[in-house]
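Topology and contacts: notes
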Amino acid sequence: MGFARACSVALVGVEGVVVEVQADLEPGVAAFTLVGLPDKSLVESRDRVRAAVVNSGAEWPQKKLTVGLSPASVPKSGSGFDLAVACAVLGAAERIDPAAIADVVMIGELGLDGRVRPVRGVLPAVLAAAEAGYRHVVVPEQTAGEAALVPGVSVLGVRSLRQLIAVLGDEPVPEEPAADRGRPDTMLAGLMVPGAGLGTGLASLSADGTAHRPDLADVAGQVRARTALEVAAAGGHHLLLSGPPGAGKTMLAERITAILPPLSRQESLEVTAVHSVAGILPPGEPLISRAPYCAPHHSATMQSLVGGGNGLPRPGAVSLAHRGVLFLDEAPEFSGRALDALRQPLESGHVVVARAAGVVRLPARFLMVLAANPCPCGRHTLAGAGCECPPSAVRRYQARLSGPLLDRVDLRVEVEPVGRADLMGSGGRGESSAEVAARVRAARERAVERLAGTPWTTNSEVPGHELRTRLVAAPGALMAAERDMERGILTARGLDRVLRVAWTVADLRAADRPDASDIAVALELRTGIQRGVPMQAGAR
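Described below are features of the structure shown in this document. Per chain, residues are indexed from 1 in the order of the written sequence. Since the coordinates come from a predicted model, pLDDT governs what is reported: local features require at least 70, and pairs of side-chain atoms require 80 or more to be given and counted, while whole-chain, interface and lining totals use all residues. With hydrogens and water set aside, each side-chain value is computed from the structure's full complement of heavy atoms.

**Brief notes about the overall build of the protein chain**
Rules: The helix count covers DSSP runs of H or I at least four residues long, the strand count covers runs of E at least two residues long, and both are numbered beginning at the N terminus. In this scheme, a residue with accessible area under 20% of its type's maximum is buried, one over 50% is exposed, and one in between is partly exposed, where area comes from a 1.4 Å probe on protein chains only. In what follows, residue pairs with any heavy atoms lying within 4.5 Å of each other are defined as contacts. Surface accessibility in these figures is a Shrake-Rupley result with a 1.4 Å probe; residues are shielded only by whichever protein chains are displayed.
A count of helices and strands for the protein chain gives 22 helices and 16 strands. Its C-alpha atoms give the protein chain principal-axis dimensions of about 85 × 50 × 45 Å. Taken across its 540 residues, the protein chain has 51% of its residues classed as buried. Residue pairs at least 24 apart in sequence account for 73% of intrachain contacts in the protein chain once pairs closer than 6 positions are excluded. For the protein chain, the computed accessible surface area is about 23400 Å², with 53% contributed by carbon and sulfur atoms.

**Observations concerning helix α21 (residues 492-508)**
Convention followed: Each helix should span, by expectation, one fewer than its residue count multiplied by 1.5 Å.
With 17 residues, α21 should cover 24 Å at 1.5 Å per step; its first-to-last C-alpha distance of 25 Å lies within 8% of that length. Of all 17 residues in α21, 15 are buried; the element is thus mostly enclosed.

**Section: the nonpolar core**
To keep things clear, this is the line we draw: Only buried residues count toward a nonpolar core, which is a set of Ala, Val, Leu, Ile, Met, Phe, Trp, Tyr and Cys residues joined through side-chain atoms within 4.5 Å.
Membership of the largest hydrophobic core comes to 60 residues, with the highest contact counts inside it found for Leu239, Ile256, Ile259, Val369 and Leu525. In terms of residue count, the dominant contributor to this core is α21 (eight residues). With residues near it in sequence (within four places) discarded, isoleucine 259 still touches Leu216, Leu229, Glu230, Ala233, Ser433, Val436, Ala437 and Val440.

**A few points about unusual backbone geometry**
The phi angle of most residues is negative, glycine excepted, and most peptide bonds adopt the trans form. Each neighbour pair has its own omega, and for serine 70 with proline 71 the value is 5°, a cis peptide bond. For proline 71, the location among the structural elements is in the loop between β4 (64-70) and α3 (82-92). The phi dihedral of leucine 37 falls on the positive side, at around 60°, and the residue is not glycine. Mapped onto the secondary structure, leucine 37 falls in the loop between β3 (31-35) and α1 (40-43). What makes leucine 37 partly exposed here is its relative accessible area of 46%. Although it is not a glycine, alanine 510 sits at a positive phi angle of roughly 60°. As for its position among the elements, alanine 510 is in the loop between α21 and α22 (516-527). For alanine 510, a relative accessible area of 52% corresponds to the exposed category.

**Remarks on the sheet that holds strand β11 (residues 293-294)**
Our working rule: When DSSP finds two or more bridges between two strands, those strands count as paired. To define axes, lines are fitted to C-alpha atoms, for helices over the stretch in contact only, and angles between the resulting N-to-C directions are given on a 0 to 180 degree scale.
Read from one edge to the other, the open sheet built from five strands follows the order β11-β12-β15-β10-β16, with strand pairing classed as parallel. What marks the edges here is a single partner per strand, and that holds for β11 and β16 (411-414). Across four bridges, strand β10 (residues 239-242) lies against strand β15 (residues 367-372) in parallel orientation. Across the sheet, residue serine 242 finds its bridge partner in β15, namely alanine 372. Where helix α8 (residues 223-235) meets the sheet, its contacts fall on β10, β15 and β16, and the angle it forms with β16 comes to roughly 165°.

**Structural notes on the side chain of lysine 249**
Quick note on the threshold: Here Asp and Glu are counted as negative and Lys and Arg as positive; His is not counted, and neither are the chain ends. The salt bridge definition used is simple: a Lys or Arg side-chain nitrogen within 4 Å of an Asp or Glu carboxyl oxygen. Residues adjacent in sequence count toward polar contacts only when both atoms are side-chain atoms; beyond that, a polar contact is any pair of N or O atoms within 3.5 Å, and within protein one must be able to donate a hydrogen and the other to accept it.
Inspection of the secondary structure assignment puts lysine 249 in helix α9 (residues 249-253). For the buried lysine 249, which has no salt bridge, the nearest side chain bearing the opposite charge is glutamate 330, at an N-O separation of 6.0 Å. A polar contact of 3.1 Å, which involves the side chain of lysine 249, links it to the backbone oxygen of glycine 243. In this structure the side chain of lysine 249 is engaged in a polar contact, spanning 3.3 Å, whose partner is the side chain of asparagine 373.

Shown next as structure tokens:
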């Protein structure tokens, strides 16, 4: 009897569970049994592994073969277990030393000819292996750069099963022909889900900045909206842009990623892990360093926003926008169930999706930007524009954005139509994205320095208790906010969010703490009521 074991990783959402792949050979009629709660694609690995082993020059054992995936209670899906199953079988047949593969994590799909094909989710799988204490990982050659992002792990990228057998047996490593450079590499087809990426409104900018990035200097006028955009980027505050069609709401939202600071190392790993599992990680870009931008269509379902799918849930739009921007254009046109499902991730920074196959916790800390028209025809706020919507239709349209959802939005700005002087004037260009991004980065650095030693890094994450006890505003600065709360204009949550925005406004002008003018700016950005203060970010 022969026995050997190797290791692989089963992904549950964006988290991994190390799976021990055990192979046992016994005398008897030749058969191949795979146990351990595999799905259909994993059951089919029996035929893939047998053909790959034979075509790699190794002998397939003609005995009763049982392969077990432990722990058996964890659902396992995908073709990434092929490499571990093949090596466990060869170890049980004593083609390779079983001790050489006992503590090695192997991830990869096998072709019938023995080539190792890349699979999705390599980064979270290697992260799970490193957390479990494993230090040696074997992955397909195309995803070796992605796996190497995890510190403290030795990564071996292989092109074929023959090469891996030679490495494990201390034999000369055979040369494998490279892909034809005159056409796209077909081996990368398994990394990208058809219809994902730009087709779903997701645009992850490359690290070298070669992709076109819209600039804020293209926006004519809109001083109030530009100020709100800067405050939202500096503090991570959610933003509602309302106004008639053609005022520039979408144009403003598309430029917010250009003023967001680059992701930190930990944030980049979180974003890359989600994109790798979702199958939208661009080949050749193992680490995403810029904030993602996700803009789903208003016909998106609740499952596509928060996560779902057959079996274990897959990341939705809120997770794809993690550490970036989720833009909901024509927000009232989204279904009410889909919009109300955003309440949990807006507060907690993650979403918990429960399905019959299990419960998955997905990261979802994003900056939400909503764009809405004032009425179905969009001309309700324009003087003399001829809006024919009855008052009841206007109320119903505006009520599609529920009160609990709007209470979680820190900034609400009315985007006015651009005048002829701003649009056609030669001196109408505002500040560029680089100038605004510099102020945003400085404000974020001030917030990080102030919040050192706490689990928070931006003002939007700070709980209200901390804002009222430890991080207090200047004496007498809250009088206007307290009056609005007594009048019912602000809720308790609204007061906390006004304080968060005020700290961001103070950071933008390099002040130690917010004063009465900062509170007034925050109140005006939230309620829309004029407070008699200049709406200009930075030093006033």
